[in-house]
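Understanding the architecture of this molecule
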Amino acid sequence: MDLGIFLEQVPDGDGTWIESLLSGLGWTLAVAFFAWIFAFVVGSIVGVARTSEKRWLVRLGGAYVELFRNIPLLVQFFVWYFVIPVSYTHLRAHETSLH
């Protein structure tokens, strides 16, 4: 097995393959860390809301949980990747046309 390929230049001339892989690993770990923090905070807030004595907080927390529990993860990926960016672009275009 030739591991020397990792020391070769990438085709665009922007460093070696190992530098690109390590950069990607760093970004992956950073995004995973911040996603974990975000999920922990949101989950804690929703969990506390569901155990509250205020009925509207319990219902709001329950609705949030049921919404994400009942939509398959693959469908959520498609919505967040394809639908939300297009909707955001249309909203921004509509907003600028109003000014």
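Structure first, text after, so check above.
Residues numbered from 1 in each chain as written. Predicted model: local features only at pLDDT ≥ 70, side-chain atom pairs only at ≥ 80, totals over all residues. Heavy atoms only, no water.

1. Quick look at helix α2 (residues 55–70)
With 16 residues, α2 extends 22 Å between its outermost C-alpha atoms, agreeing within 8% with the 22 Å of an ideal straight helix rising 1.5 Å per residue. Looking only at α2, the buried set comprises G61, G62 and V65. Looking down the long axis of α2, one finds its buried residues gathered within 100° of arc, a one-sided arrangement. Among the exposed residues of α2, those oriented more than 90 degrees off its buried face are W56, R59, L60 and N70. Contacts from the buried residues of α2 go to α1 (17–50). (Helix = DSSP H or I, 4+ residues; strand = E, 2+ residues; numbered from the N terminus. Expected span 1.5 Å × (residues − 1). Buried < 20%, exposed > 50% of the residue type's maximum accessible area, 1.4 Å probe, protein only. Arc of directions from axis to C-beta. Contact = heavy atoms within 4.5 Å.)

2. Quick word on the packing of α1 against α2
One way to put it is that α1 packs onto α2 with a least axis distance of 7 Å and a crossing angle of 135°. Classed by the angle they form, the pair α1 and α2 counts as oblique. Here the hand of the crossing between α1 and α2 comes out left-handed. Between α1, through V42, V46, A49 and R50, and α2, the contact on the second element is made entirely by L57, V58, G61, G62, Y64 and V65. Classifying every residue of the contact of α1 with α2 by side-chain character gives seven nonpolar, two polar and one charged. (Axes fitted to C-alpha atoms, helices over the stretch in contact; angles between N-to-C directions. Parallel < 35°, antiparallel > 145°, perpendicular 65-115°, else oblique. Left-handed = near helix turned anticlockwise from the far one by under 90°. Nonpolar A, V, L, I, M, F, W, Y, C, P; charged D, E, K, R; others polar.)

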